[in-house]
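Each chain, written out:
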Amino acid sequence: MTVEPRIGTVGPAMIDPFGRAVTYLRVSVTDRCDFRCTYCMSEHMTFLPKRDLLTLEELDRVCSAFIRKGVRKLRLTGGEPLVRRDMMTLVRSLGRHLATGALDELTLTTNGSQLARFADDLAAAGVRRVNVSLDTLDADRFARITRWGRLEQVLEGIEAATRAGLKVKINTVALRNENEAEIPSLIEWAHAHGHDITLIETMPLGDIDEDRTDQYLPLSLVRSRLEERWALEDLPDRTGGPARYVHIRETGGRLGFITPLTHNFCESCNRVRLTCTGTLYMCLGQADAADLRAPVRASAEDALLDAAIDEAISRKPKGHDFVIDREHKRPALRRHMSVTGG
């Protein structure tokens, strides 16, 4: 993919109504996935028609506009980003912003199923870190959680990424009565292999054929249990996202907690999310959105696109309204996590 460089210097930082600089863009390049994880989507999903998706060139153009406006970190997500046809063309094109210094980091969140194929290409394009979703090391449990996935394939992908020189962080969704008892051994495995690991509370997005109150495991409870086993030392580390980190003295590794429900991270939110259709969500947990596809397709120049981005940032809310309890069994929002980007 060849995209002509656009003339102009990096503009002023995007500041939302609450004084937060928006420097982090998460981009869902597809809503499709080769897994059907029970906390993420229904087993029988209806995916978007391909005609509704931004082309790879259009995705590059929108990402480049955000970078010009002050975004320093770009994360590509899905669905599963590596199942999108010719995905590496987009990754290589966006890598030019790393070469110029306009972008600090280009990263990827993946289920790991395609990493064995693409790890070397990702590293060559300038990607230095990947987040891999892995909720269990038990093959039967893995098949049950992902419905369609194979644990061996993901572990091979993680090994390939490590060989390629990519730093791997494991993302684990904490699920009551599913992987709850396995969390300590997952942490030990990750740290033994040199990987950071982050625990995530399940989020109330989309109908998933499950009762979310049966899935929800508060990480405040998980942390208190871990502190009975290990010494957890709070760290000031930040990686651009919502995780709060601790160092585990006994394992020697770093553990993150993402807690949108027990302790939200809205006060320091520096990110917005772009879907594969060009819809910009200023908050993961709010329905308000901006259409960026229309201005992209209305003009070859970026004036309309820039104006739409500026207007959207001016509406970024203070925080989300996530809640899970017996009175709120339905999802907080109808859209699935795979649409917004995991």
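Since the structure is predicted, the reported quantities are computational estimates derived from the model, not experimental observations.

Student: What should I look at first to understand the side chain of Thr198 in this one?
Tutor: Tracing the backbone shows Thr198 in strand β8 (residues 196-201). A relative accessible area of 0% means that Thr198 is categorised as buried. At 3.2 Å, the side chain of Thr198 forms a polar contact with the side chain of Lys169. What Thr198 contacts, discounting residues up to four positions off in sequence, is Lys169, Ile170, Asn171, Thr172, Ala243, Tyr245, Gly256, Phe257 and Ile258.

Student: I would appreciate a short explanation of the sheet that holds strand β12 (residues 271-274) in the present structure.
Tutor: Two strands in a sheet stick together by hydrogen bonds in their backbones, pointing the same way (parallel) or opposite ways (antiparallel). Strand order in the open sheet formed by 12 strands is β9-β10-β11-β8-β7-β6-β5-β4-β3-β12-β13-β14, with mixed pairing between adjacent strands. Two strands lie at the open edges of the sheet, namely β9 (232-234) and β14 (289-291), each paired on one side alone. Going from strand to strand, the sheet's axes swing by 25° on average, the running direction of each strand aside. Where β9 and strand β10 (residues 244-248) come together, three bridges link them in antiparallel fashion. Across the sheet, Asp234 pairs through a bridge with Val246, a residue of β10. Most of the contacts of helix α2 (residues 87-94) go to strand β4 (residues 73-77), to which it runs at about 180°, and overall it touches β4 and β5 (105-110). Along the sheet face, helix α6 (residues 151-163) touches β6 (129-133) and β7 (167-174) and points at about 150° away from the line of β7.

Student: Help me understand the packing of helix α1 (residues 56-68) against helix α11 (residues 303-313) in this model?
Tutor: For any two helices packed against each other, one specifies the inter-axial angle together with the distance between the axes. It is at 11 Å that the axes of α1 and α11 come closest, and there the two elements cross at 65°. Taken as a pair, α1 and α11 cross one another with a handedness that is right-handed. Along the contact surface, α1 presents Arg61, Val62, Ala65, Phe66 and Arg68, while α11 presents Leu305, Asp306 and Ile309. In terms of residue class, the contact of α1 with α11 is built from five nonpolar, no polar and three charged.

Student: How do you make sense of the pairing of β12 when you look at a structure like this?
Tutor: A regular strand places its side chains on the two faces of the sheet in alternate fashion. Residues of β12 alternate between two faces, with Arg271 and Arg273 on one and Val272 and Leu274 on the opposite face, all of them buried. In the sheet, strand β3 (residues 24-28) pairs with β12 via four bridges, with the strands oriented parallel. Of the residues in β12, the one forming a bridge with Val27 is Leu274. In sequence, β12 turns back onto strand β13 (residues 279-281) through a hairpin of four residues, with Gly278 there showing a positive phi of about 90°.

Thresholds, definitions, all that
- Residues numbered from 1 in each chain as written.
- Predicted model: local features only at pLDDT ≥ 70, side-chain atom pairs only at ≥ 80, totals over all residues.
- Heavy atoms only, no water.
- Helix = DSSP H or I, 4+ residues; strand = E, 2+ residues; numbered from the N terminus.
- Buried < 20%, exposed > 50% of the residue type's maximum accessible area, 1.4 Å probe, protein only.
- Polar contact = N/O pair within 3.5 Å; in protein donor to acceptor, adjacent residues only side chain to side chain.
- Contact = heavy atoms within 4.5 Å.
- Pairing = 2+ DSSP bridges.
- Axes fitted to C-alpha atoms, helices over the stretch in contact; angles between N-to-C directions.
- Left-handed = near helix turned anticlockwise from the far one by under 90°.
- Nonpolar A, V, L, I, M, F, W, Y, C, P; charged D, E, K, R; others polar.

Any functional reading would require information beyond the geometric quantities listed.
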